[in-house]
Amino acid sequence: MAKTPVLVEFGMGTSLRREDYTEAARRAIRDALWHNSVNMAELFDFSKEDMIIDAEVGVQKPAEVDKGALLKIFPYGQPRIRVVEGGLDIEKPHGGRTVIANAAITVSFDMEAAE
């Protein structure tokens, strides 16, 4: 397989009150997806299901992210989620924290399949 990246998008998401790492990650992925208005599959004469989607999300507590919930965001394609340590936890002056997640999404295609 000649997996060829054709698009990279970035996003940021937060959980302001609940300290919910999955929700911050979900918002970061959605933010990255909403930056992309070009239908990459059509440009390369592929179906949407042919999209190979690699999403990497950074949060301070990766173990607290539900990857299954993140996979449900993608309506098509072949998504894979990788959660790593990153993002920020911002302590609030009166207790608690705001959780910030960062996401990078790469869309690729198997270009050999097109030949």
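Below or above, wherever it landed, is the structure these notes cover.

### Details of the pattern of salt bridges
Okay, step 1: Per the counting criterion, the structure on display carries eight salt bridges.
Okay, step 2: One salt bridge connects Glu-19 with Arg-97, and the closest N-O pair in it is separated by 2.8 Å. One end of the pair, Glu-19, is in the loop between β1 (3-15) and α1 (21-34); the other, Arg-97, is in strand β5 (residues 97-110), and 78 residues separate them in sequence.
Okay, step 3: What makes Glu-19 partly exposed here is its relative accessible area of 27%.

### Comments concerning the packing of aromatic side chains
Okay, step 1: Counted by the stated rule, this structure contains one aromatic pair.
Okay, step 2: On the numbers, 4.6 Å between centres and 5° between planes, the contact of Phe-46 with Phe-109 is stacked. Highlighted residues: Phe-46 in the loop between α2 (40-43) and β2 (52-59) and Phe-109 in strand β5, separated in sequence by 63 residues. For the pair formed by Phe-46 and Phe-109, the shared burial category is buried.

### Some details on the pairing of strand β4 (residues 88-91)
A regular strand carries its side chains on alternate faces of the sheet.
Okay, step 1: Inspection of the sheet shows β4 paired to β5 by four bridges, in the antiparallel sense. Counted as the bridge partner of Asp-89 is Val-99 from β5.
Okay, step 2: The antiparallel pairing of β4 with β5 creates a hairpin that spans five residues between the two strands, and Gly-95 there sits at a positive phi of about 100°.

Rules behind the numbers
Residues numbered from 1 in each chain as written. Predicted model: local features only at pLDDT ≥ 70, side-chain atom pairs only at ≥ 80, totals over all residues. Heavy atoms only, no water. Salt bridge = Lys/Arg side-chain N within 4 Å of Asp/Glu carboxyl O. Helix = DSSP H or I, 4+ residues; strand = E, 2+ residues; numbered from the N terminus. Buried < 20%, exposed > 50% of the residue type's maximum accessible area, 1.4 Å probe, protein only. Phe/Tyr/Trp six-rings, centres within 6.5 Å; stacked < 30°, edge-to-face > 60°. Pairing = 2+ DSSP bridges.

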